[in-house]
Each structure stands twice: as C-alpha cells, then as structure tokens.
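Report on the structure
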Amino acid sequence: DDAITSLVLQAKKAVESAGITVSAFHMPFGQYMDPSLIDERARRKVVATDEKLLQLCAPLKPAVVLFHPSWFLTLNQREQHIRQFVKSAVALHKPVDAMGAIMVIENMTGPKLHVAWKGVEYERPLCRKVPETLDIMNRLPKDIYAAVDMNHILHPEKLVAALGERLKFIHVSDGDGEHEYHYYPCSGKGMDDWTAIIGALYEAGYKGPFMFECHYKDLKDLAPCYNFLYNKYVLQTYIKPEYAE
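Residue numbers restart at each chain and count upward from 1, following the sequence in its written direction. Reporting of local features is limited, given that this is a predicted model, to residues whose pLDDT is at least 70; pairs of side-chain atoms are given and counted only at 80 or more, and all residues count toward the totals for whole chains, interfaces and linings. Processing note: side-chain calculations cover all non-hydrogen atoms of the structure and skip hydrogens and water entirely.

With that settled, the discussion passes to the side chain of Arg124. Secondary structure elements follow DSSP: runs of H or I no shorter than four residues count as helices, runs of E no shorter than two count as strands, and numbering proceeds from the N terminus. Checked against the element boundaries, Arg124 lands in the loop between β5 (120-123) and α4 (130-139). Here's how the labels work: a residue is buried when its accessible area is under 20% of the maximum for its type, exposed when over 50%, partly exposed in between, all with a 1.4 Å probe on protein chains only. Charged residues are defined here as Lys and Arg on the positive side and Asp and Glu on the negative side; His and the ends of the chain fall outside this count. Salt bridge criterion: a side-chain nitrogen from Lys or Arg within 4 Å of a carboxyl oxygen from Asp or Glu. Glu178 provides the closest opposite charge to the buried, unpaired Arg124, separated from it by 4.8 Å. Apart from the residues within four sequence positions on either side, Arg124 is in contact with Phe72, Leu73, Arg78, Thr109, Gly110, Lys112, Leu113, His114, Val115 and Glu178. Any pair of residues with heavy atoms lying within 4.5 Å of one another is described as a contacting pair.

This paragraph deals with the sheet that holds strand β8 (residues 210-212). The 6 strands lie next to each other as β1-β2-β3-β6-β7-β8, forming an open sheet whose pairing is parallel. Looking at which strands have only one partner, the edges of the open sheet turn out to be β1 (24-26) and β8. The average undirected angle you get between the axes of adjacent strands in this sheet is 30°. Strand direction decides the pairing type here: strand β3 (residues 102-106) and strand β6 (residues 144-149), joined by 4 bridges, are parallel. Paired with Glu106 across the strands is Ala147, a residue of β6. Between any two strands, pairing holds if DSSP finds at least two bridges. Axes, fitted as lines to C-alpha atoms, cover a helix only where it is in contact. Angles between the N-to-C directions of the axes lie from 0 to 180 degrees.

Attention now goes to the state of the cysteines. Put simply, a disulfide is two cysteine sulfurs that come within 2.5 Å. One pass over the full model with this rule turns up 1 disulfide. A sulfur-sulfur distance of 2.2 Å marks the disulfide that ties Cys186 to Cys225. An S-S torsion of about 90° defines the bridge between Cys186 and Cys225 as right-handed. A residue pair is termed long-range when its members are at least 10 positions apart, and Cys186 in the loop between β7 (167-172) and α6 (194-203) and Cys225 in helix α7 (residues 222-238) qualify at 39 residues. For Cys225, a relative accessible area of 2% translates into the label buried.

Here you go:
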C-alpha cells in the first residue's frame, strides 16, 4: 500500500506541474484479475482488490475508470461468466461513482470463439461481438457506459453506432480485429475504415477523449495524426466550409 501510495503522489505532482489531467484509469486484468470468474470466492477477491486499488489511486481523480469484462473463459460457460461479470460491475460501480468518475466496459477481441493459451483451450473474452456487447450493457445500470477499442474489432464503426450515447471512451489504433497489432492510425497499416469510424463517432455525438493506444515513433506524432484525421474525415464531410474555422 505504501509503495502504491508513493507512486500515486509522485504521479499527481507530475501531472499537476505539467498542467494536465488524468482522463482515465485502465484497471488491471488477466487470469487472476477476471471479474467474471465462476468461482464466487475468487470473483469476490478480484472485486475487493479492485476496490482497494481504486481507493489508493483516487488522488489522481480520473474522469473515467475502464474495466475489461473478462479474461479468457472456461468452455461452454459463457452465460455464467456474463452473470458473474454483471455482479462485479454493479459492485465496482459504487466506488467508481464515489470517486466522481464514470465506469466504462471495453469490448474485447473475438472473431473466432475458441483460442488456445499455453496448451489449454478457452473461449474468447466477453464483449467480443456487437450483439453480445449490447446484451451485456443492457444488463447493467444505465450509468455504466461502454468503451470501444478499435484494435479489438474489424468494423469498430458498427459498435460505435450500436452503442450511441452509451459510448463514453475510445482506444484509437488500427488493426485487423483479430490480433493485438495496435497500429498507429496514420501508419497506413491495418484494415480500419477511418471515414466510417470518424463518421460514426460524429453521428453518436461522442465528446470523450481521443485516447491513442497504439505504437508510434515519437509522442509528438500523435497531434499531427489527430489533426489529419479530423481535417480529412470531419471537416470535409460534416462541417460546411464557411464554418470550418
């Protein structure tokens, strides 16, 4: 606890001196930090650990706290995992709300249902396709929101459009919807249709952070990439020239 508190205070001092704010926390995830665990005792332990981390990191005052809905799933127990995750999300919503932040759930990769990891066969994580993501979001309180990771789905614009106002956060990168490539959006790699993506964000009225989660050569490259995407896909398509300035 002391080590984490020390790191948080160092980070708080750094961001305040730089004049920036913390837009989001990405909560830990993995085999042993899975909020959808079937074993009830293990699931409660995950929730308790997340609650402790939220308490320790609260001084940074994030606007958004992001959770993965699951790790890989045990075979043929998808509905049980969904029900367990919903319980965890409802429980964790309370401390997130107490921090003055909003809670968002990220979509996961999953064009193919099954995956092998260290020689064991699993099912892909929850929120792997648009219908399942909507089903899970509809089971949650209306003030638990969604995040779209553009690396995790081949046509992120479809998920953006389906979520509409429920979308409050995005991870911006390019990919093929199957692998963790996290290409730089202006690299020319990947298969995303940026005209469709930016259009869907605009139509959904998205006003949250444009959070890059990608590989890049220099941090300074991100602003020009954002400006390129905005100028090419927003100004030219959605804003009349006389209002562009």
